[in-house]
Amino acid sequence: MRWSVDDAEHFVVVRTEGSFNLADHRAMVMDIVGRAFWRPGRDAFFDHRTLAFDGVGYDIMKGGV
């Protein structure tokens, strides 16, 4: 799983690609909230159009961050 994080002035844009996995998802969240421009409550737009969720079920998703 790969991602990019951009400051779009009024909100954050996160684009993801590859295959979803929980470890990378957790790393992505830590990356986003560790950015200098991040503030609690800031709006974020997630573009998951090129992220594959094949084989990811409810049990995996409920264990997320």
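See above for the structure.
Per-chain numbering applies: the sequence of each chain, read as written, is numbered from 1 onward. It should be noted that, the model being predicted, local features are given only for residues of pLDDT at least 70 and side-chain atom pairs only at 80 or more, the latter also being counted only at that level, while totals for whole chains, interfaces and linings use all residues. Note that the side-chain values use all heavy atoms of the structure and ignore hydrogens as well as water.

Student: For unusual backbone geometry, give the residues involved together with the corresponding values.
Tutor: Trans is the common state for peptide bonds, and a negative phi is the common state for residues other than glycine. A positive phi angle, near 75°, is found at Glu-9, a position not held by glycine. Only DSSP runs of H or I with at least four residues qualify as helices, and only runs of E with at least two residues qualify as strands; both kinds are numbered from the N terminus onward. Residue placement: Glu-9 occurs in the loop between β1 (2-7) and β2 (12-19).

Student: I'd love a proper account of the nonpolar core, names of residues and values included.
Tutor: The definition of a nonpolar core used throughout is a set of buried Ala, Val, Leu, Ile, Met, Phe, Trp, Tyr and Cys residues joined through side-chain atoms within 4.5 Å. Think of it in three bands: residues with accessible area under 20% of the maximum for their type are buried, residues over 50% are exposed, and the middle band is partly exposed, with areas taken using a 1.4 Å probe on protein chains only. Of all hydrophobic cores here, the largest spans ten residues; its members are Met-1, Val-5, Val-12, Val-14, Phe-20, Leu-22, Met-28, Ile-32, Trp-38 and Leu-51. Among the elements of the structure, β2 and α1 (22-33) are those that each provide at least two residues to this core. Looking at this core, the element that brings in the most residues is α1, giving three residues. Discounting chain neighbours no more than four positions away, the residues touching Met-28 are Met-1, Trp-3, Val-14, Thr-16 and Phe-46. Contacts are assigned to residue pairs with any non-hydrogen atoms lying within 4.5 Å of each other.

Student: Report on the sheet that holds strand β3 (residues 44-52), specifying residues and quantitative values.
Tutor: Here we have three strands laid out as an open sheet, ordered β1-β2-β3, and mixed in their pairing. For this open sheet the edge positions go to β1 and β3, each flanked by a neighbour on one side alone. The average undirected angle you get between the axes of adjacent strands in this sheet is 10°. Across six bridges, the pairing between β1 and β2 is antiparallel. Opposite Val-5, over in β2, you have Val-14 as the bridge partner. Its contacts with the sheet put α1 on β1, β2 and β3, and the angle it makes with β1 is roughly 15°. Each pair of strands is called paired provided DSSP finds at least two bridges between the two strands. Axes here mean lines fitted to C-alpha atoms, for a helix over just the part in contact, with angles spanning 0 to 180 degrees between N-to-C directions.

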